[in-house]
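# Close look at the chain arrangement
As a plain string of letters, each chain reads:
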Amino acid sequence: MAAKKTTAKPNVSKDELLQYYKDMLLIRRFEEKAGQLYGMGLIGGFCHLYIGQEAVVVGIEAAAKEGDKRITSYRDHGHMLACGMDPKGVMAELTGREGGYSKGKGGSMHMFSKEKHFYGGHGIVAAQVPLGAGLAFSDKYRGNDNVTFAYFGDGAANQGQVYETYNMAELWDLPVIFVIENNQYAMGTSVQRSTKSPSLWERGAAYGIEGEEVDGMDVLAVKAAAEKAVAHCRAGKGPYILEVKTYRYRGHSMSDPAKYRTREEVQKMRDTRDAIEHVRTMLLDGKHASEDDLKSVDKEIKEIVNNAAEFSKESPEPALEELWTDIYATELPQEA
């Protein structure tokens, strides 16, 4: 059931290419600012940055339409921004403020947006995968052609619930695209040390699920593969797996010194494979934009991010009464 790797790049306009550049740069600058705020003590708890992986979610979102859903794990700020969530609300949630998407109670790992069809942000490794299949089931039940993007990493790909979900998704022809963001290190163990499989997407063949491997440092390659996967699902052919080979530049989280790899390895990826620089070069070489144009874009993006940071600082902390809202409670039986 294996599919051939998508090799053809989509024809995109100058405006589309520039938009991908802006979208990826927004994620990069936002995450850099989040790292700064974390270092200043304004963000507490866990914080997992998406720096280096921007082309994955921007390429996937380029193939989405209104009504499509997305669900992911805790490295989720990029997904939020790519699907159109307000940077101010995202940053305010990171700093635990009232203006955040979860009213300051969810933090980095747990924020949602019903309006943008973003269903988290989940801290339990691979827990979002069966939830993603459930979201896809709801669309199949309603009889529409929406799809769900269920993102997870190479570490989560070894969890048993992933394969239970594969079985159900194929059995019921669910319109779900399983996006494996293989950044090659999971929490800190290289994929070569954690699995004997030559690839992760091919595991779906045991369940009859088609899929392919994608260069996750090339936004146009991701877009092309995503369009193929989306067409498969919208046609009622069941689930699809995309293993997107990417690379994160920072540690697993802000508390990770990342001593399991060399600085030279990371720098080589930055110098030779950076997804944003790749699009920047395409814009300049194709004379779609000048150096001054791109400097203006960077200035515009930095202003958006700085405004989000200021909003997050100015937004008040949640009222104490918020401790008792948005939670499940069971009424205790009355004593006799």
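Residues numbered from 1 in each chain as written. Predicted model: local features only at pLDDT ≥ 70, side-chain atom pairs only at ≥ 80, totals over all residues. Heavy atoms only, no water.

Right, let's talk about the sheet that holds strand β4 (residues 210-215) for a bit. Backbone hydrogen bonds are what pair the strands of a sheet, in a parallel or an antiparallel way. Ordered by their spatial adjacency, five strands build an open sheet running β1-β2-β3-β5-β4, and the pairing between neighbours is parallel. Strands at the two margins of the open sheet, each flanked by one partner only, are β1 (69-71) and β4. This sheet shows a mean twist of 20 degrees between the axes of neighbouring strands, independent of strand direction. In terms of strand pairing, strand β2 (residues 148-153) meets strand β3 (residues 176-182) through six bridges, oriented parallel. Residue pairing across strands places Phe-149 opposite Ile-177, the latter belonging to β3. The sheet strands contacting helix α6 (residues 160-171) are β2, β3 and β5 (240-245), and the helix crosses β3 at an angle near 150 degrees. (Pairing = 2+ DSSP bridges. Helix = DSSP H or I, 4+ residues; strand = E, 2+ residues; numbered from the N terminus. Axes fitted to C-alpha atoms, helices over the stretch in contact; angles between N-to-C directions. Contact = heavy atoms within 4.5 Å.)

Considered as a void within the structure, the largest pocket measures approximately 310 Å³ in volume. Lining the largest pocket are 21 residues, with Ser-73, Tyr-74, Gly-153, Gly-155 and Ala-156 positioned closest to its centre. Counting residues per element, the lining of the largest pocket draws most heavily on β2, at three residues. (1 Å grid on protein atoms, 1.4 Å probe; cavity = no way out; pocket = protein on both sides within 12 Å on 5 of 7 lines; lining within 4 Å. Points joined across faces, edges and corners; volume = space filled by probe spheres on them.)

Okay, a nonpolar patch on the surface next. The grouping of Phe-137, Tyr-141, Met-168, Leu-171 and Trp-172 at the surface amounts to a nonpolar patch, some 590 Å² of accessible area in total. Among the elements of the structure, α5 (128-142) and α6 are those that each provide at least two residues to the nonpolar patch. Exposure remark for Phe-137: the relative accessible area of 40% places this residue in the partly exposed category. (Patch = residues over 30% accessible without salt bridge, like charges linked within 9 Å, V, L, I, M, F, W, Y side chains within 5 Å. Areas by Shrake-Rupley, 256 points an atom, 1.4 Å probe, with all protein chains shown as cover. Salt bridge = Lys/Arg side-chain N within 4 Å of Asp/Glu carboxyl O. Buried < 20%, exposed > 50% of the residue type's maximum accessible area, 1.4 Å probe, protein only.)

The end-to-end C-alpha separation of helix α1 (residues 14-39) is 38 Å, in line with the 38 Å expected for 26 residues at 1.5 Å each. Once α1 finishes, Gly-41 follows within two positions and takes phi at roughly 85 degrees, a positive value. (Expected span 1.5 Å × (residues − 1).)

We now examine the packing of α1 against helix α11 (residues 291-314). Viewed as axis vectors pointing N to C, α1 and α11 meet at an angle of 40 degrees, and their least axial separation amounts to 9 Å. Our classification of the angle between α1 and α11 gives oblique. In the crossing of α1 with α11, the sense of the turn from one axis to the other is right-handed. Of α11, the residues touching α1 (which contributes Leu-18, Tyr-21, Lys-22, Leu-25, Leu-26, Arg-29, Phe-30, Lys-33 and Leu-37) are Leu-294, Val-297, Asp-298, Ile-301, Lys-302, Ile-304, Val-305, Asn-306, Ala-309, Ser-312 and Lys-313. For the contact of α1 with α11, the residue count by class is 12 nonpolar, two polar and six charged. (Parallel < 35°, antiparallel > 145°, perpendicular 65-115°, else oblique. Left-handed = near helix turned anticlockwise from the far one by under 90°. Nonpolar A, V, L, I, M, F, W, Y, C, P; charged D, E, K, R; others polar.)

Everything listed here is a matter of geometry and, on its own, says nothing about what the molecule does.
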